[in-house]
Amino acid sequence: RRMAPHESPACAVAPRIVAHNVQVVHFCRILISIIAGSACGIIGYTGIRGFMFFALSWICTSAMFYSRTGSKVEDFFQSPWILITHDLFQGAMSFILFWTLCYDIVHIY
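Definitions and limits used
Here the residue numbering is sequential within each chain, running from 1 through the sequence in written order. Only residues with pLDDT of at least 70 are given local features in this predicted model, and only at 80 or more are side-chain atom pairs given and counted; all residues enter the totals for whole chains, interfaces and linings. Hydrogens and water are ignored here; the side-chain numbers use all heavy atoms of the structure. The pLDDT score gives, residue by residue, the confidence of the prediction method on a 0 to 100 scale. The secondary structure listing takes helices from DSSP runs of H or I that are at least 4 residues long and strands from runs of E that are at least 2 residues long, numbered from the N terminus. Two rings from Phe, Tyr or Trp (for Trp, the six-membered ring) form a pair when their centres are within 6.5 Å of each other. A pair whose planes differ by under 30 degrees is stacked, one over 60 is edge-to-face, and the rest are tilted. Note on classification: 1.4 Å probe, protein chains only; a residue is buried when its accessible area is under 20% of the maximum for its type, exposed when over 50%, partly exposed between these limits. Placement of a charge over a ring requires the Lys NZ or Arg CZ to be within 6 Å of the ring centre, with the centre-to-atom vector within 35 degrees of the ring normal.

With that settled, consider the confidence of the model for the chain. The predicted coordinates ought not to be read in detail in places where the model reports low pLDDT. Residue-level pLDDT values for the chain average 88, and 88% of them are 70 or greater. Across the chain, the secondary-structure element scoring lowest on mean pLDDT is helix α1 (residues 9-13), at 56, and the one scoring highest is helix α5 (residues 88-108), at 96.

As structure tokens, this is what we get:
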């Protein structure tokens, strides 16, 4: 079957495989956000330093996924933006939750 010009290569693979890849990215993002938030709280970062820590962890995770795909993101996902923006809000909320929890446990109590 010839692919139409408007179809992406990810659609030619299999929707179930692409959905599985997105689920794996989701799990890794949330887990790394929890670990980074815990580390940030234990270290004792507050304010902008904590958010910069989150941004750095998010960028490093995106770079890891990009390098893991061998720079052929379209073969694994519908769009390259999934590696950057997917679960950004959920990751930030998980980060903040564990950041404040670990900061309170270590530095306040």
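From this point, things continue past the structure.
Further remarks concern the packing of aromatic side chains. Given two aromatic rings, one states the distance between the centres and the angle between the planes to describe the pair. The full count for this structure, using the stated rule, is five aromatic pairs. For the pair F51 and W99, a centre-to-centre distance of 5.2 Å together with 90° between the ring planes defines the contact as edge-to-face. In this pair, F51 is assigned in helix α3 (residues 48-68) and W99 in helix α5, connecting sequence segments 48 residues apart. The class for F51 is partly exposed, based on a relative accessible area of 41%. By relative accessible area, which is 8% here, W99 ends up buried. Centre to centre, the rings of F95 and W99 are 5.5 Å apart; their planes meet at 45°, and the pair counts as tilted. Residue F95 and its partner W99 are both found in helix α5; the two are separated by four residues, about one turn of the helix. Residue class for F95 comes out buried when judged on its relative accessible area of 0%. Three or more aromatic residues joined by ring pairs form one cluster here, namely F51, F54, W58, F95 and W99. Lying across the ring of W58, R29 places its NZ or CZ 4.0 Å from the centre.

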